[in-house]
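# Observations on the model geometry
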Amino acid sequence: MSVSSHSMQQPGNQSRPDNEHSTGVADSGRWSTKRIAIYALFVALAMAVSFIEFPIIPGVQWLKYDPSGIVCLVAGFAFGPSAAVIVSVLGFIPHLFTNPWGTLMAVLVALALSVPASLIYRRNKTRKGALLGIVVGALVALAAAIVGNIIVTPFYAHMTAAQVVALIIPALLPFNVLKFTIHGVVTFLIYKPISNLLNR
C-alpha cells in the first residue's frame, strides 16, 4: 500500500491517506469524557483477561499465557503511547497484592511490548506501520522478558540466576516467542475493526 506524504495533502482536506488506519480519537489529544470512559473500559478488560491463564508450552506448566497484552496493544494503537502505559500498569493492579514480583514482570513486559508498538504506529498509521510496530514491540518485550526473568525470578522462585539462565533456551525463549506471536497476530487482525467501532 503506498502512502502519500504530508506535502501532497490539500489544505482543509480531512481525508488523509496516511491516517487511513487511524482511529481519529487518538489524534485529538483531548481528554474528553468519552475518551476517559474508553480508557477505563480498556483497563477493566485488561484486568479481566489477565485472570485467563493457561500453559502453552508442553511440559512447562508454570509458564502461563494470558491475553492481557493484546488489550494493551489495541489501546496503544487506538489512543497512543499514553493509553498503552495506563492500561499496561493499571490492568495488573489486582495481581499486585497476591503476586507482586509476577506483577512487576507482567507490567514490564506489557510496557515493553505496547509502548514501542504504539509509538511506531502513531508515526505510520497503516497496516505496514502496525505490523512493524508489533514486530519491534515483540522484540523489545522478548528482551525485557528474558532480562527481567534473570533479575526478578530469583527473588521469589527460590532459584539462582544461573538456574534461570539455564531455562532460557528450553523454556523462556519458546514461551515468550509464542506468546508475542499470538499477541501480534490477534492484534493485527482485530485492531482495525475495533478502531472503526471507537469512531462511531
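These numbers come from a predicted model, not from an experiment. (Residues numbered from 1 in each chain as written. Predicted model: local features only at pLDDT ≥ 70, side-chain atom pairs only at ≥ 80, totals over all residues. Heavy atoms only, no water.)

Let us now look at the overall build of the protein. Counting its regular elements, the protein contains nine helices and two strands. Listed N to C, the secondary structure of the protein is α-α-β-β-α-α-α-α-α-α-α in terms of helices and strands. Across the 200 residues of the protein, 44% fall into the buried class. The contacts in the protein between residues at least 6 apart in sequence include a share of 67% that link residues at least 24 apart. Of the accessible surface of the protein, which amounts to about 10,500 Å², a share of 69% is contributed by carbon and sulfur atoms. (Helix = DSSP H or I, 4+ residues; strand = E, 2+ residues; numbered from the N terminus. Buried < 20%, exposed > 50% of the residue type's maximum accessible area, 1.4 Å probe, protein only. Contact = heavy atoms within 4.5 Å. Areas by Shrake-Rupley, 256 points an atom, 1.4 Å probe, with all protein chains shown as cover.)

So, on to unusual backbone geometry. Of note, the phi angle at H158 is positive, near 55°, even though the residue is not glycine. Here H158 is to be found in the loop between α7 (127–156) and α8 (161–166). On the accessibility criterion, H158 (79% relative accessible area) is exposed.

On to the side chain of R35. With respect to the element layout, R35 can be found in helix α2 (residues 33–49). From its side chain, R35 meets the backbone oxygen of F79 in a polar contact 3.4 Å long. (Polar contact = N/O pair within 3.5 Å; in protein donor to acceptor, adjacent residues only side chain to side chain.)

In this section: the environment of L104. Among the structural elements, L104 can be located in helix α6 (residues 100–123). Expressed as a C-alpha distance, the spacing of L104 and V89, which sit 15 residues apart in the sequence, is 9.2 Å.

Taking 1.5 Å of rise per residue, the 30 residues of α7 would be expected to cover 44 Å, and the 40 Å separating its terminal C-alpha atoms lies within 8% of that figure. Positioned one or two residues after α7, H158 has a phi angle of 55°, which is positive. (Expected span 1.5 Å × (residues − 1).)

Next up on the list: the UniProt feature "transmembrane region" (unreviewed entry) in the protein. Within the UniProt annotation, "transmembrane region" (unreviewed entry) is assigned to residues 36–57, 69–93, 99–121, 130–152 and 164–191. Taken end to end, residues 69–93 is 88% helix and 0% strand, and its two terminal C-alpha atoms sit 14 Å from one another. The span residues 164–191 is 96% helix and 0% strand, and its two end C-alpha atoms sit 35 Å from each other. (UniProt positions renumbered as here; feature names shortened; annotations may be inferred.)

Tracing the chain through its elements places H95 in helix α5 (residues 93–96). Sequence separation between H95 and M47 is 48 residues; the distance between their C-alpha atoms is 8.9 Å. Look past the residues within four positions of H95 in its chain and what remains in contact with it is S50, F51, P100 and T103.

The description of an aromatic ring pair rests on the distance of the ring centres and on the angle between the ring planes. Applying the stated criterion to the full structure yields eight aromatic pairs. Above the ring of F188, the side-chain terminus of R127 is found at 5.7 Å from the ring centroid. (Phe/Tyr/Trp six-rings, centres within 6.5 Å; stacked < 30°, edge-to-face > 60°. Lys NZ or Arg CZ within 6 Å of the ring centre and 35° of its normal.)

This part is about a nonpolar patch on the surface. A cluster of nonpolar side chains, contributed by V85, V89, L90, I93, L96 and F97, occupies part of the molecular surface with about 520 Å² of accessible area. Elements that contribute at least two residues to the nonpolar patch include exactly α4 (81–90) and α5. Tallying contributions element by element places α4 first for the nonpolar patch, with three residues. Examined against the element boundaries, L90 turns out to sit in helix α4. Overall, the relative accessible area of 36% leaves L90 in the partly exposed class. (Patch = residues over 30% accessible without salt bridge, like charges linked within 9 Å, V, L, I, M, F, W, Y side chains within 5 Å. Salt bridge = Lys/Arg side-chain N within 4 Å of Asp/Glu carboxyl O.)

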